[in-house]
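Chains, contacts and geometry: an overview
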Amino acid sequence: MNKLKIIDKYVLRKFIATFCLAISLIIVIIIVFDVSEKLDDFLENHAPLHLIVFQYYLNFIPSFINLFSPLFVFISVVYFTSKMAGNTEIIAILGNGISFKHFLRPYLIGSAGIAFVILILGNFIIPINNTYVTDFERKYIKNAYNNRYTNIHIQYRTGHQVYAESFDNHNNLAVRYTEEFFKGKEMIKKITADQISYDSVQDKWRAFNYTCRTMSGLKESLHRTVDTMISLPIKPNEFNINYEKVETMNFFELRDFIKQEELRGSHLVVGYRIEYYQRMFNPLAIIIMTFIGIAVSSRKQRGGMGLHLAIGIAIAFFFVIFMKITTVFATNSSLGPIMAVLLPIIVFGIAALILIKKSPK
């Protein structure tokens, strides 16, 4: 029994050490390229060195780990398992009466541990870090948030709908604004304006080329003015709901936000739901990729580690492509967000079980 524990620790130590080394190297490479790309912005906006290091990159590292973990867990497993197979260590382990099922145990423990860490990072730690990152980008990176959002639909409450053709979050300006009031299915009031801009001093919106049409049965009244102040129960940040804002929400905040957006009738709800389910289920990809990595690299064969890595990277590539395809289908067709996230995991999970079952034992 003591011998089995030593083997478990040996494999687990190789797993964690190889993964940490691989992910550390890619983070260093990415930071080097990112610094070279943003160096002009840092110098032009006089970003302090300690903020670049501790507010920006230190808080950015968990996002890198979350993004690249499934791939580098896979590469790490293929690398050290292939090396063990090449050195006939796996044959020696199995030849000493240790079952293949027991041989998989440290892989399961290691991948489950990494998956749990990624689950906590993605749902609770990274959203906090992203708050600091976005604050830094707004201050020191040129035009980071000068964006326009188009075809915005908001149902503020039942019978009260707002539409804007576009919204400029830099100037807090909505173009081709429409506001509609309903009583049941009957429209009782409609407001239109070429533009509305937010006045933060008065906490009101200034409307240009304003038209208010009021309907009561067969009677209708019309009021027009070139420039007027209007009271609109919507703040600018409700127009520019964007992915950057969603990234700063933890699991529970994102869940509540999705419920609010559904009530508002937002057309972006599908994307938010995909993000929500990805945070929940994507850590499972780490476990799946671990077992696929074992299956393709535990057999000693001609071509060695290079062949194992080539096969492994091809499988990982198809996994990522499959995930992207299902996401596109969910966004643009009838595929549900939860199925868009779960389908690649289910398909490759079944593939992992089949490959493990056919692995030499």
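Attention here is on the structure that accompanies the text. None of the values given here were measured: they were computed from a predicted structure.

**Description of the pairing of strand β4 (residues 186-199)**
Two faces make up the sheet, and in a regular strand the side chains alternate between them. Where strand β3 (residues 173-183) lies against β4, ten bridges are found, and the strand directions are antiparallel. If you follow phenylalanine 181 over to β4, its bridge partner there is lysine 189. Between β3 and β4, which pair antiparallel in sequence order, lie two residues; one of them, glycine 184, sits at a positive phi of approximately 70°. Note: β4 against strand β5 (residues 204-216), nine bridges, orientation antiparallel. Note on β5: the bridge partner recorded for threonine 192 is threonine 211. The loop that links β4 with its antiparallel partner β5 comprises four residues; one of these, aspartate 203, has a positive phi angle of about 55°.

**A word on the packing of aromatic side chains**
Here a ring pair, both rings aromatic, is described through the centre-centre distance and the interplanar angle of the planes. Summed over the entire model, instances satisfying the criterion amount to 24 aromatic pairs. Relative to phenylalanine 103, the ring of phenylalanine 100 has its centre 5.9 Å away and its plane inclined at 35°; by these criteria the two rings are tilted. Placement of the pair is phenylalanine 100 and phenylalanine 103 together in helix α4 (residues 100-103), with a separation of three residues, close to one helical turn. Relative accessible area serves as the criterion here: at 2%, phenylalanine 103 is assigned to the buried category. Both rings, one in phenylalanine 317 and one in phenylalanine 318, keep their centres 5.8 Å apart while their planes meet at 70°; by these two values the pair is edge-to-face. Among the aromatic residues, those joined into a cluster by ring pairs are Phe42, Tyr56, Tyr57, Phe60, Phe64, Phe136 and Tyr140. Sitting over the face of the ring of phenylalanine 181, lysine 189 holds its NZ or CZ atom 5.3 Å from the ring centroid.

**Brief notes about the nonpolar core**
Ranked by internal contacts, the top residues of the largest apolar core, which has 58 residues, are Phe103, Tyr107 and Ile292. Elements supplying a minimum of two residues to this core: α1 (2-44), α2 (49-86), α3 (89-95), α4, α5 (105-140), α10 (284-297), α11 (304-332) and α12 (337-358). The element contributing the most residues to this core is α2, with 13 residues. Beyond its immediate chain neighbours, meaning those up to four positions away, isoleucine 292 contacts Phe74, Ile315, Phe348, Ala352 and Leu355. Counting residues in hydrophobic clusters, the runner-up holds 20 residues, among them Val162, Ala193, Tyr198 and Ile234.

**Description of the environment of asparagine 171**
Relative to the helices and strands, asparagine 171 resides in the loop between β2 (160-168) and β3. By relative accessible area, which is 47% here, asparagine 171 ends up partly exposed. Sequence-wise, asparagine 171 and alanine 330 are 159 residues apart; in three dimensions their C-alpha atoms are separated by 33 Å. At 3.0 Å, the side chain of asparagine 171 and the side chain of aspartate 168 are in polar contact.

**Describing the packing of α2 against α5**
Relative orientation of the contacting elements α2 and α5 amounts to 155°, with a least axis distance of 6 Å. Viewed along their axes, α2 and α5 adopt a mutual orientation that is roughly antiparallel. When the axes of α2 and α5 are compared, the crossing they make is left-handed. Looking at the contact of α2 with α5, its residues break down into 19 nonpolar, nine polar and two charged.

**Some words on the pairing of β2**
Here β2 runs beside β3; their pairing, made up of eight bridges, is antiparallel. The residue of β3 that forms the bridge with valine 162 is glutamate 179.

**Side note on α2**
The periodicity of an α-helix, 3.6 residues per turn, causes residues three or four places apart in sequence to face the same way. Counted at 1.5 Å a residue, the expected span for α2 with its 38 residues is 56 Å, but the 46 Å between its end C-alpha atoms falls short. In α2, a bend of some 60° at serine 69 exceeds every other bend along the element, and proline 70, a proline, comes one to four places later. One or two positions beyond α2, positive phi appears at threonine 88, with a value near 60°.

**A word on the pattern of salt bridges**
The tally for this structure, following the rule as stated, stands at ten salt bridges. Among the ionic pairs, aspartate 8 bridges to arginine 105, the shortest N-O distance being 3.9 Å. Of this pair, aspartate 8 sits in helix α1 while arginine 105 sits in helix α5, placing them 97 residues apart in sequence. By relative accessible area, aspartate 8 is classed as buried at 14%. Under the relative-accessibility criterion, arginine 105 is labelled partly exposed at 42%. The partner of glutamate 220 in a salt bridge is arginine 213, with the nearest N and O atoms 2.6 Å apart.

Cut-offs used in this document
Residues numbered from 1 in each chain as written. Predicted model: local features only at pLDDT ≥ 70, side-chain atom pairs only at ≥ 80, totals over all residues. Heavy atoms only, no water. Pairing = 2+ DSSP bridges. Helix = DSSP H or I, 4+ residues; strand = E, 2+ residues; numbered from the N terminus. Phe/Tyr/Trp six-rings, centres within 6.5 Å; stacked < 30°, edge-to-face > 60°. Buried < 20%, exposed > 50% of the residue type's maximum accessible area, 1.4 Å probe, protein only. Lys NZ or Arg CZ within 6 Å of the ring centre and 35° of its normal. Core = buried A, V, L, I, M, F, W, Y, C linked by side-chain atoms within 4.5 Å. Contact = heavy atoms within 4.5 Å. Polar contact = N/O pair within 3.5 Å; in protein donor to acceptor, adjacent residues only side chain to side chain. Axes fitted to C-alpha atoms, helices over the stretch in contact; angles between N-to-C directions. Parallel < 35°, antiparallel > 145°, perpendicular 65-115°, else oblique. Left-handed = near helix turned anticlockwise from the far one by under 90°. Nonpolar A, V, L, I, M, F, W, Y, C, P; charged D, E, K, R; others polar. Expected span 1.5 Å × (residues − 1). Bend = angle between axes of the 7 residues up to and from the residue. Salt bridge = Lys/Arg side-chain N within 4 Å of Asp/Glu carboxyl O.

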